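Chain residues, written in single-letter form:
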Amino acid sequence: MKVIARRAAALLLAATLTTACSKVPGVYVYEKDGQATAAKPGATDPKTYVADNWSSKIVPTVHDKAVDVTTVAAAIAKDPEAAGKQYGHQAGTGSPYAYMVKGSGTVTGIDTSVPTGPMTVQVGDTKVTIATGPVIAGTAIRDGVGFISFGDFTNQIDYAAAANQINAKAKTDVIAKVDLSSLKGKKVQFYGAFSALSPGTIFVVPTELTVTP
């Protein structure tokens, strides 16, 4: 009887922790109403999903639907909620809005002392930060494109892993193709997405990044 009681208590604790963690941004994900249902038939593993959709769907979606970053920044400064509804996308109730943006500006510096390697780009009067790694974190691209849902995967862990795989693609297929050491003072054009986690901060994970004349 004691063994059964201990097992029951352990299961209850695990369920409680899982529920709590599901609301921690960056660890698990927010669920939409009715989202905690069985995965769709044919759900694939995160790595395969991203490999199949990165070039054919994810990057083109950002490229086609991105809004000028200065427009989004001004809208957020004026009314964050209205800006989110007009330009952003939420992965689930209570989650931050994610925005697909584009822009061009001058690189003013790259902070290599920080794991995310924030590169500062001055776009008009708007300061934009672009992640260059080696650590690329967050769910901005996954959430911003709007078509990647929890139901595409087996569980929350795989849904979160999809964001990690997307960030890995940004690192290998976008950032790695640019000579970061020579970018300061140069003009760049970018496409990508950011999540509105901190007011006044635009931290973009790029899907395209090119040096322009």
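Residues numbered from 1 in each chain as written. Predicted model: local features only at pLDDT ≥ 70, side-chain atom pairs only at ≥ 80, totals over all residues. Heavy atoms only, no water.

S.K.: Before we move on, can you summarise helix H3 (residues 69–78) with the specific residues and values?
M.R.: Those residues of H3 that sit buried are Val69, Val72, Ala73, Ala75 and Ile76. End-on, the buried residues of H3 take up no more than an arc of 165 degrees, which puts them together on one face. Seen from the buried face of H3, the exposed residues on the opposite side, beyond 90 degrees, are Ala77 and Lys78. Residues of H3 that are buried sit in contact with strand E1 (67–68), helix H4 (80–87), strand E3 (97–110), strand E4 (119–123), strand E5 (126–130) and strand E6 (187–195). (Buried < 20%, exposed > 50% of the residue type's maximum accessible area, 1.4 Å probe, protein only. Helix = DSSP H or I, 4+ residues; strand = E, 2+ residues; numbered from the N terminus. Arc of directions from axis to C-beta. Contact = heavy atoms within 4.5 Å.)

S.K.: Give a description of the environment of Thr210 that names residues and reports values.
M.R.: Relative to the helices and strands, Thr210 is located in strand E7 (residues 203–212). Relative accessible area serves as the criterion here: at 40%, Thr210 is assigned to the partly exposed category. Between the C-alpha atoms of Thr210 and Val178, which are 32 residues apart in sequence, the distance is 7.3 Å. In this view, Thr210 contacts Lys187, Val188 and Gln189; residues no more than four positions away in its chain are not counted.

S.K.: Give a detailed account of helix H6 (residues 156–174), specifying residues and quantitative values.
M.R.: The terminal C-alpha atoms of H6, which comprises 19 residues, lie 27 Å apart, in line with the 27 Å expected from a rise of 1.5 Å per residue. Along H6, the positions that sit buried rather than exposed are Gln156, Asp158, Tyr159, Ala160, Ala162, Ala163, Ile166, Asn167, Ala170 and Val174. Looking at the buried residues of H6, the elements they touch are helix H2 (46–65), helix H5 (140–144) and E7. Measuring from the side-chain oxygen of the N-cap residue of H6 to the backbone nitrogen of Ile157 gives 3.2 Å; that N-cap residue is Asn155. (Expected span 1.5 Å × (residues − 1). Polar contact = N/O pair within 3.5 Å; in protein donor to acceptor, adjacent residues only side chain to side chain.)

S.K.: Describe the pairing of E6, naming the residues involved and giving the relevant values.
M.R.: Summarising burial for E6: seven of the nine residues are buried, a large majority. Direction of pairing for E3 relative to E6: antiparallel, over a ladder of nine bridges. Its bridge partner being in E6, Val101 is matched across the sheet by Gly192. By the bridge criterion, seven bridges tie E6 to E7 in an arrangement that is antiparallel. Residue pairing across strands places Phe190 opposite Leu209, the latter belonging to E7. (Pairing = 2+ DSSP bridges.)

S.K.: Residue-level account of the confidence of the model for the protein, with values.
M.R.: In this model, the protein carries an average pLDDT of 85, and 80% of its residues clear a pLDDT of 70 or more. For residues 1–39, every residue scores under 50 in pLDDT, and the model assigns this stretch 38 contacts once sequence neighbours within four places are set aside. (pLDDT = per-residue confidence, 0-100.)

S.K.: Mind laying out the packing of H3 against H4, listing which residues take part and the relevant values?
M.R.: Look at H3 against H4: their axes get within 6 Å of each other, and the N-to-C directions meet at 140 degrees. As the angle between them shows, H3 and H4 are arranged oblique. Only Pro80, Ala83 and Tyr87 of H4 make contact with H3, whose side of the interface consists of Thr71, Val72, Ala75, Ile76 and Lys78. Tallied by class, the residues present in the contact of H3 with H4 amount to six nonpolar, one polar and one charged. (Axes fitted to C-alpha atoms, helices over the stretch in contact; angles between N-to-C directions. Parallel < 35°, antiparallel > 145°, perpendicular 65-115°, else oblique. Nonpolar A, V, L, I, M, F, W, Y, C, P; charged D, E, K, R; others polar.)

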